[in-house]
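# Inside the fold
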Amino acid sequence: GDDNSGRKVITFSCCRMPPSHQLNHTRLLEYLKYTLDQYVENDYTVVYFHYGLKSLNKPSLKWLQTAYKEFDRNCSYSILWSMIFNSLTIPFSFPRYKKNLKALYVVHPTNFIKILWNIFKPLISHKFGKKITYLNYLSDLREHLKYDQLNIPQEVIRHDENLQRKQKGKLPPVVKVPPPRPPLPTQQFGVSLQYIKDKNKGELIPPVMKETVSYLKRKGLQVEGLFRRSASIQTIKDVQKLYNQGKSVNFDDYHDIHIPAVILKTFLRELPQPLLTFECYDHVIGITSVESSLRVTRCKEIIHGLPEHNYVVLKYLICFLHMVSQESLYNRMTASSLACVFGLNLIWPLKGTASLSALVPLNLFTELLIDFYTNIFNSRTVPGE
């Protein structure tokens, strides 16, 4: 899933660790590296569920030493780091894996972990230490990321329920949530394309999309890692508030080209219905079953079945992403790289979240749209676009 800034989330659940004598630790190390290597070039977040780590399934000190040598042969306090978490957070203290790790959430930490952290905190870099957040309950995750996207083991959920019951002998009181306020006339985020169109004199391209794309065309096409980097969560919230209130936004004031990039991704992600629509989800997922030579044609068929408004907005966006990919020599953002970033921002299932197996077809479909933009979008014209 994604966190509230659109960064990919990697989860690790200790309760799913089998007994040490049954586990092939070499394979585990290879899997850890394989999983992380898919994401470490972009900003990412890790959620670590500590519950379930026991002496029976805890990796040996010898294995931890081997793992540290694999990740970084020059780490001076590797074993100390493993002691602090008493677990498998090995890679995140090394430059390659630490650089783009923006947050590490440790859920259900034990008192032992907290005590050790306070003892050895002076030896850990202050910058990295600020990325670590202890969360006592699962509910605390909701303010940081899309909780419903997480695949949380039932054992962890039951443990959390037991902790809640033990707190003062009862569950916390139910807080009455006030009914949602109707959207502002100038609202941009969290409302439908139709709503924005109706409130903006029939304009098909939402103002926030038009302004972010225009700004990035002028100043961001050759920026390395465009759309890969995150931005200050508070700044993003402030910019969203300005747009929702109908106030002007001058991105020059923020001195960060990644802010309009994140705003664009956030706008797409907060649409009530994905730009490619729920109805197209199964069709998009099926792209890998189509013969390679026919996939562009199939993409064209799916796209041409979209409602007119969605088609126009998608065409506008993909045209821009095609331009970005054309500058990949400078920005390092190929069609494939952009597809990894935008795939899940363009479409998601009506219920639940996209499975890991769905990521391949979703990203492939998006990559084809970007690579073959001219071919796919050349034969349909919508009045007013």
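Up top is the structure.
Computed from a predicted structure; not experimentally measured.

### Section: the pattern of salt bridges
Using the criterion set out here, one finds three salt bridges in the structure. Between Lys210 and Glu203 there is a salt bridge, and its shortest N-O distance comes to 3.3 Å. Judged by its relative accessible area of 32%, Lys210 falls in the partly exposed class. A salt bridge links Arg298 to Glu301; its shortest N-O distance comes to 3.1 Å. Here Arg298 and its partner Glu301 are both found in helix H13 (residues 295-304), three residues apart, which amounts to about one turn of the helix.

### Topic: the nonpolar core
Core analysis: the biggest nonpolar cluster contains 69 residues, and Phe227, Ile303 and Leu314 have the highest contact counts within it. Here the element with the most residues in this core is helix H14 (residues 308-326); it accounts for nine residues. Beyond its immediate sequence surroundings of up to four residues, Phe227 is in contact with Leu216, Ala261, Leu264, Lys265, Phe320, Leu321, Val324, Leu338, Val341 and Phe342.

### Observations concerning the packing of aromatic side chains
With the rule as written, the count across this model stands at eight aromatic pairs. When the ring of Phe227 is compared with that of Phe342, the centres are 4.9 Å apart and the planes differ by 75°; the resulting orientation is edge-to-face. Of this pair, Phe227 sits in the loop between helix H9 (207-219) and helix H10 (233-244) while Phe342 sits in helix H16 (residues 335-346), placing them 115 residues apart in sequence. Judged by its relative accessible area of 1%, Phe227 falls in the buried class. A network of ring pairs unites the aromatic residues Phe189, Tyr243 and Phe267 as a single cluster.

Quick notes on the rules
- Residues numbered from 1 in each chain as written.
- Predicted model: local features only at pLDDT ≥ 70, side-chain atom pairs only at ≥ 80, totals over all residues.
- Heavy atoms only, no water.
- Salt bridge = Lys/Arg side-chain N within 4 Å of Asp/Glu carboxyl O.
- Buried < 20%, exposed > 50% of the residue type's maximum accessible area, 1.4 Å probe, protein only.
- Helix = DSSP H or I, 4+ residues; strand = E, 2+ residues; numbered from the N terminus.
- Core = buried A, V, L, I, M, F, W, Y, C linked by side-chain atoms within 4.5 Å.
- Contact = heavy atoms within 4.5 Å.
- Phe/Tyr/Trp six-rings, centres within 6.5 Å; stacked < 30°, edge-to-face > 60°.

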